[in-house]
Amino acid sequence: MLKLNSVLKHWFIGLSLILFTSFVSAKQLNGWDVLVVAPHPDDETLGTAGTIMQALKAGKKVGVVVLTNGDVYPLAASKVSGIAKSDLKPDHFVKLGSERQQYVAQALKKIDFPLSELHFLAYPDGGLLAMYQADNARPYTSEQTQQSTTYQAYYLDYRTKVSGRSAPYTKAALLQDLTDIIASKKPSSIYVTSQQDGHPDHQAAYLFTAQAAKAAGYQGVLNTYLVHAKDPDATWPYPLKPDFKGLFVQQKNANGTVPANLIWPPQKRTPLTEQQAIQKQQMIESFNVEMQTAAEYMLSFVKGEEVFWPESVKADKKPELLIRVDDVGMSHAVNLGVADFIKTGIPFSASAMVPTPWFSEAVEILSGHQHVAVGLHLTLTSEFKQYKWGPTAGADNVPSIVNKRGEFYPSVREFLQSDYLLSDIEIELRAQVKKAIEMGLEISYVDHHMGIARATPEIAQVVEKVAADYGLAVSRYYREAPINLFHYSVADKPPAFFKEIAYLPTDRLNMFVMHPARDNPELAVLTDMNSTAMLDPLTGLSTMSKHRQAELDALLSPEFLAMSNNIKFVTYLDLVKQKGLASQQRGGILYTSKQDSINAAKKMPKVLAR
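The rules behind each value
Residues numbered from 1 in each chain as written. Predicted model: local features only at pLDDT ≥ 70, side-chain atom pairs only at ≥ 80, totals over all residues. Heavy atoms only, no water. Helix = DSSP H or I, 4+ residues; strand = E, 2+ residues; numbered from the N terminus. Rg over C-alpha atoms; globule rule 2.2 N^0.38 Å. Buried < 20%, exposed > 50% of the residue type's maximum accessible area, 1.4 Å probe, protein only. Contact = heavy atoms within 4.5 Å. Areas by Shrake-Rupley, 256 points an atom, 1.4 Å probe, with all protein chains shown as cover. Lys, Arg positive; Asp, Glu negative; His and termini not counted. Charge placed at Lys NZ, Arg CZ, Asp CG, Glu CD. Arc of directions from axis to C-beta. Axes fitted to C-alpha atoms, helices over the stretch in contact; angles between N-to-C directions. Parallel < 35°, antiparallel > 145°, perpendicular 65-115°, else oblique. Left-handed = near helix turned anticlockwise from the far one by under 90°. Nonpolar A, V, L, I, M, F, W, Y, C, P; charged D, E, K, R; others polar. Salt bridge = Lys/Arg side-chain N within 4 Å of Asp/Glu carboxyl O. Pairing = 2+ DSSP bridges. Polar contact = N/O pair within 3.5 Å; in protein donor to acceptor, adjacent residues only side chain to side chain. Phe/Tyr/Trp six-rings, centres within 6.5 Å; stacked < 30°, edge-to-face > 60°. Lys NZ or Arg CZ within 6 Å of the ring centre and 35° of its normal.

**Focus: the overall build of the chain**
Looking only at helices and strands, the chain has 21 helices and 17 strands in total. For 610 residues, the compact-globule estimate of 2.2 N^0.38 gives 25 Å, and the C-alpha radius of gyration of the chain, at 28 Å, lies within 12% of that figure. With the principal axes as the frame, the chain shows a C-alpha extent of 105 × 60 × 45 Å. Burial analysis of the chain (610 residues in total) assigns 54% to the buried set. By sequence separation, contacts in the chain at least 24 residues apart represent 78% of the contacts at least 6 residues apart. Element-wise, carbon and sulfur atoms account for 53% of the exposed surface of the chain, whose accessible area totals about 26,100 Å². Of the charged side chains in the chain, 61 are positive and 62 negative; the average position of the first set lies 5 Å away from that of the second.

**Looking at helix α9 (residues 274-284)**
Within the sequence span of α9, burial applies to Gln276, Ala277, Lys280, Gln281, Met283 and Ile284. Viewed along the axis of α9, the buried residues span an arc of 160°, placing them on a single side of the element. At its buried positions, α9 is contacted by α2 (43-57), α4 (90-109), β8 (268-271), α10 (288-299) and β9 (305-312).

**Things to note about the packing of helix α7 (residues 171-185) against helix α8 (residues 200-215)**
Viewed as axis vectors pointing N to C, α7 and α8 meet at an angle of 55°, and their least axial separation amounts to 8 Å. Taken together, α7 and α8 sit at an angle that is classed as oblique. Handedness of the α7/α8 crossing: right-handed. Between α7 and α8, the residues in contact are Lys171, Leu174, Leu175, Leu178, Thr179 and Ile182 and Phe208, Thr209, Gln211, Ala212, Ala213 and Ala215, respectively. Across the contact of α7 with α8, the residue classes break down as 8 nonpolar, 3 polar and 1 charged.

**Thoughts on the pattern of salt bridges**
The final tally for this structure, using the stated rule, is 19 salt bridges. Where Glu274 meets Lys245, a salt bridge forms, and the shortest distance between an N and an O atom there is 3.9 Å. Taken together, the residues Glu274 in helix α9 and Lys245 in the loop between β5 (221-225) and β6 (251-253) connect sequence positions 29 residues apart. Classification of Glu274 as partly exposed rests on a relative accessible area of 40%. Accessibility expressed as a relative area gives 64% for Lys245, which makes it exposed. Each member of the salt-bridge network shares a partner with another, and the members are Glu426, Arg430, Lys465 and Asp469.

**What about the pairing of strand β3 (residues 118-123)?**
By the criterion of burial, β3 is predominantly enclosed, with 6 of the 6 residues buried. Of the two faces of β3, the one holding Leu118, Phe120 and Ala122 and the one holding His119, Leu121 and Tyr123 are both buried throughout. Relative to β3, strand β2 (residues 62-68) runs parallel, the two sharing 4 bridges. Residue pairing for β3: Val64 is matched across the bridge by Leu118.

**Some details on the side chain of Gln203**
Along the chain, Gln203 falls in helix α8. A relative accessible area of 8% places Gln203 in the buried class. A polar side-chain atom of Gln203 sits 2.7 Å from a polar atom in the side chain of Lys499. Dropping the residues within four chain positions of it, Gln203 is found in contact with Leu129, Ser194, Gln195, Asp197, Gly198, Lys230 and Lys499.

**What to know about the packing of aromatic side chains**
To describe a pair of aromatic rings, you give the distance between the ring centres and the angle between the ring planes. As enumerated under the stated definition, the model contains 20 aromatic pairs in all. With a centroid separation of 5.7 Å and 15° between ring planes, the pair formed by Phe120 and Tyr155 is classed as stacked. On the criterion of sequence distance, the pair formed by Phe120 in strand β3 and Tyr155 in the loop between α5 (128-134) and α6 (158-163) is long-range, its members being 35 residues apart. Judged by relative accessible area, which is 2%, Phe120 ranks as buried. The ring of Phe308 carries the charged tip of Lys268 above its face, separated from the ring centre by 5.8 Å. Its end group placed over the ring of Tyr420, Lys594 keeps NZ or CZ at 4.4 Å from the ring centre.

**Quick look at unusual backbone geometry**
A cis geometry characterises the amide bond from Trp236 onward to Pro237, with omega recorded as 5°. On the secondary structure map, Pro237 appears in the loop between β5 and β6. Cis geometry is adopted by the peptide bond preceding Pro265, which originates at Trp264 and carries an omega value of 0°. Turning to its location among the elements, Pro265 is positioned in the loop between β7 (256-258) and β8. Although it is not a glycine, Asp42 sits at a positive phi angle of roughly 140°. In this fold, Asp42 is placed in the loop between β1 (34-38) and α2. According to the relative accessible area criterion, Asp42 is buried, its value standing at 7%. Phi at Gln146 is positive, roughly 65°, even though this residue is not glycine. With respect to the secondary-structure elements, Gln146 resides in the loop between α5 and α6.

**Details of the sheet that holds strand β4 (residues 189-193)**
Sheet architecture is open: 7 strands sit in the order β3-β2-β1-β4-β5-β9-β8, paired in mixed fashion. On the outer flanks of this sheet lie β3 and β8, each paired with one strand and no other. For this sheet, the mean inter-axis angle between neighbouring strands, taken without regard to orientation, is 25°. Here β8 pairs with β9 via 4 bridges, running antiparallel. By the bridge assignment, Lys268 is partnered in β9 with Phe308. Contacts from α2 reach β1, β2, β4, β5, β8 and β9, with the element oriented near 95° to β9.

Now the structure itself:
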């Protein structure tokens, strides 16, 4: 009996080794080369359909993980169920989720994608960011579906498929699912929506994926893609039409550039063949309800390329942040706000306006602080009603850049449509730099008030020449990724600031452009004639001072001071010392030529009545 037990023991060990080896081999064979993470059913197709095609054609194994069932959009649920939005019940939203799951499968089948590699995690549509930020054990409940756990719509949810029971709508549960997938499938490339996407679920998809990738030991990059612009008035994708051979283009509007907060051109542009672009369109057309509600938008993702912003996954690396405070010297209220921020001791870069009435006071406030890098906010416009300034060089010396009263033009629109001379611009910019130096400012960089000094390559060349002659850096020439709070309401500015700060990417130089000031009677009477965004819609009175006070409140808040411990602050003086001037590359130019700028100016709104 002992001999038999010994034989059985060795046979069992041998069999176990064979089974274990077979299991490991099978696991390796079932691994993925590429993982695509999509917040909703359709994002994987809009952002990465061509990339998936190319990977499959190259013999690579691809996995697609959809985080939600896309089950909360009332208009889509109404169309799927054929009833009015006011009559929708939870079951109708669940039915929408089932339909959208099937659309994904139908689209992927068109490129022979193996549906065994498609997984629906089935977490709450519209609730991912709230779930991520809640960071507690209490499950989130969907208002539309009334679900608080993952569920089977058409396809079985991932957690039930692998464990036999559903998962609660919690941050920990979703992180566990994603971490397990990444750890077991060991992808060499991951694609996920950008943190700079305008949709909260898309931002959360990035955050969940980045955290799970770190936990799983992933060493590659996250290839981030954009589906929604942050600016609600902006168009993305752009141009807004399908083009089998065309490229995505950066859009410019009155609020800035789109995509916002992302480097352009994108670091990764994947060319598609015309046939692949045609196939992508056919895949998009599989999404029946989306094609009924947003066909133009959906089909505009059909281009001769797909674009990505890769971000490395590195644990415990502090994000770099350059805070640039603009308009110093514009008014006494601005100067007081900047002085308040200086007292925090947080390193930042302060951009002073030489031609403005309170510049002399700004010189006193900015001098003698080692944590403040001083630069010049090169000024060629005077945008406020009944509060004006003109050239430092004197109006008679630069007649092409002033109006009949010898003042700078009040808007970008008027300046770009004027007969300005580059020689006059150079004279004025040199005068501003010279005066700042003569008054004792130790300046290290220049930037651009209202974007005029970076409007065209020709004007940029003048700025570069002046900067080089004085040994100054140029803002946006170190590939800074700009962030601002312009589009937010007064109440939303501090929360938006905290959110951006909390999730700063770690593989780029983040630049937050701020306009702090004290809300006092002096500032309250000033009206920016370029925009209605800072006018009270009921009274028509300026709210600009309240917007600036809100930005100052955010900078001085205990929340930001606490967050600052996890940030590596950088100033332009630091960049000059660390990287030098020779490493700069032209960036942030608004228009391709003077004619392009004139054409754009014609579409800009006229200034408010003087």
